[in-house]
Amino acid sequence: MSVSSSKPIIGVIGGSGVYGLDALEDKHWRTIESPFGQPSDDLLFGTLDGVQMVFLPRHGRGHRIPPAEVNYRANIDALKRAGVTEIISVSACGSFEKELAPGTFVIIDQFIDRTIDRKKSFFGTGLVAHISMANPVCSRLGDKLEDAARQVGISVHRGGTYLAMEGPQFSSLAESELYRSWGCQVIGMTNMPEAKLAREAEMCYATVAMVTDYDCWHPDHDAVEVLTIIEVLMKNGEKARSLIETVVPVLKGRATACSAGCHHALDNALITAPEARDPVLMKKLAAVAGRVL
Ligand SMILES: CSC[C@H]1O[C@H](OP(=O)(O)O)[C@H](O)[C@@H]1O
Ligand SMILES: Nc1ncnc2[nH]cnc12
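The rules behind the values
Residues take numbers from 1 onward in each chain, read along the sequence in its written order. To read the labels, note that chains go from A and ligands from 1, taken in the order they are written. Confidence filtering applies because this is a predicted model: local features only for residues at pLDDT of at least 70, side-chain atom pairs given and counted only at 80 or more, and all residues used for totals across whole chains, interfaces and linings. Only hydrogens and water are set aside when side-chain values are computed; all heavy atoms of the structure are taken into account. Each helix is a run of H or I in the DSSP string that is no shorter than four residues. Each strand is a run of E no shorter than two, and both are numbered from the N terminus. Only the contacting stretch of a helix is used when fitting its axis, a line to C-alpha atoms as for every element, and angles between N-to-C directions run 0 to 180 degrees. Just so you know how the angles are binned, under 35 degrees is roughly parallel, over 145 roughly antiparallel, 65 to 115 roughly perpendicular, and the rest oblique. Each crossing gets its handedness from the near helix: less than a right angle anticlockwise from the far helix is left-handed, clockwise is right-handed. Throughout, a residue-residue contact means that at least one pair of heavy atoms, one from each residue, lies within 4.5 Å. Throughout, the ten residues Ala, Val, Leu, Ile, Met, Phe, Trp, Tyr, Cys and Pro are labelled nonpolar, Asp, Glu, Lys and Arg are labelled charged, and all others, Gly among them, are labelled polar. We define proximity as follows: a residue is near a molecule or strand when any one of its heavy atoms falls within 4 Å of that partner. Distance and chemistry together define a polar contact, namely a pair of N or O atoms within 3.5 Å, with one atom able to donate a hydrogen and the other to accept it when in protein, and with adjacent residues in sequence counting only for side-chain atoms on both sides. Grid points spaced at 1 Å and placed over the protein atoms alone form the basis of the search, with a cavity being a set where a 1.4 Å probe fits but cannot get out and a pocket an open set showing protein on both sides within 12 Å along at least five of seven lines. Lining residues have an atom within 4 Å of a point. By definition, a pocket or cavity contains a molecule when more than half of the molecule's atoms lie within 2 Å of the pocket's grid points.

Peer 1: Give a detailed account of unusual backbone geometry, specifying residues and quantitative values.
Peer 2: In this chain, Gly-167 is followed by Pro-168 through a cis amide linkage whose omega measures 0 degrees. Within the secondary structure, Pro-168 is located in the loop between strand S9 (161–164) and helix H3 (173–181). Looking along the chain, the bond that leaves Met-192 and enters Pro-193 is cis, with omega of 10 degrees. Note that Pro-193 resides in helix H4 (residues 191–200). For His-63, which is not glycine, the phi torsion reads 55 degrees and is therefore positive. Among the structural elements, His-63 can be located in the loop between strand S4 (51–57) and helix H1 (72–81).

Peer 1: How would you summarise the packing of helix H2 (residues 139–151) against helix H5 (residues 226–251) if you had to cite specific residues and measurements?
Peer 2: At a closest axis distance of 9 Å, the pairing of H2 and H5 adopts a crossing angle of 130 degrees. Considering their axes alone, H2 and H5 lie oblique with respect to each other. In this structure, H2 meets H5 at a crossing whose hand is right-handed. Within the contact between the two elements, H2 uses Arg-140, Leu-141, Lys-144, Leu-145, Ala-148, Ala-149 and Gln-151 and H5 uses Leu-243, Thr-246, Val-247, Val-250 and Leu-251. Its residues assigned to classes, the contact of H2 with H5 shows 8 nonpolar, 2 polar and 2 charged.

Peer 1: A description of the site of ligand 2 should follow, citing residues and the corresponding values.
Peer 2: As a matter of local geometry, ligand 2 sits amid 13 residues, with Cys-93, Gly-94, Thr-212, Asp-213 and Asp-215 nearest to it. A distance of 2.6 Å separates a nitrogen atom of ligand 2 from a polar atom in the side chain of Asp-213. According to the grid-proximity analysis, the pocket containing ligand 2 is the largest pocket. Secondary structure elements with two or more residues in the shell around ligand 2: strand S5 (86–95), strand S10 (186–188) and strand S11 (204–213). Within the shell around ligand 2, the residues separate by chemical class into 8 nonpolar, 3 polar and 2 charged.

Shape descriptors only; they carry no functional weight alone.
If you want it as structure tokens, here you go:
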């Protein structure tokens, strides 16, 4: 069945402090295997307002996995195998702007990828693909998230560039100042290559970046500390939950493929001649790229 004729299945990737989704009905955890290795955890299946939902804790339950060791390919592949059509990434971030105070939710529209040691593509030797990342997130999903956030009274900022750093250490003052001078709004360690892989897998992807701190550039914050971040996240938990509960019923109305083109990202992306394609890699790509193989 093509995405356009199937019902939306909403995936939520929970970042730091978000390890479950209490609002789901008929919840059950299920292991999904991926040829790309082990996902961060089992996937939590359930429904919300009649919509099928799949939740994945990015760092695993108990926060076992650091940002650079998350198997982003296995996570996205597993969500695709579970039938997910749109992904909402809920992520903690530091802020580079005074106006984006802790507690603000930023609906990201751009990324700068400064991660260095992560597998960034499902494709490779034997099947090469080049997708567009000019507009790296789904604007349709972003619109719905913005509306829902406003509806439930969240302090929300639409648009912003997320600098993805390697971590796990927080940035130095010089790095923080550099990223500010580049015009970035927020910083985190996880949304790359996650967003690239979601695009390759033809899934809508949008990030709700929850500001937890001002990073180290801010005169009042000479250091970023995990305890402060978690404290802010816990305070935001309720807001994040009501955002999800409000946006999901709106998303269930989609009757055709994503109007922003996410579900057809691989149209015209494969460059390897059919006779030169590696059958082993093609088999691995059955879920991610099956529509065009
Ligand atoms: C716990 S602070 C640093 C940690 O939090 C963010 O994770 P996530 O994006 O999964 O919410 C940040 O990217 C770091 O991985
Ligand atoms: N200041 C920061 N830098 C990187 N990742 C973060 N996650 C939350 N706050 C962060």
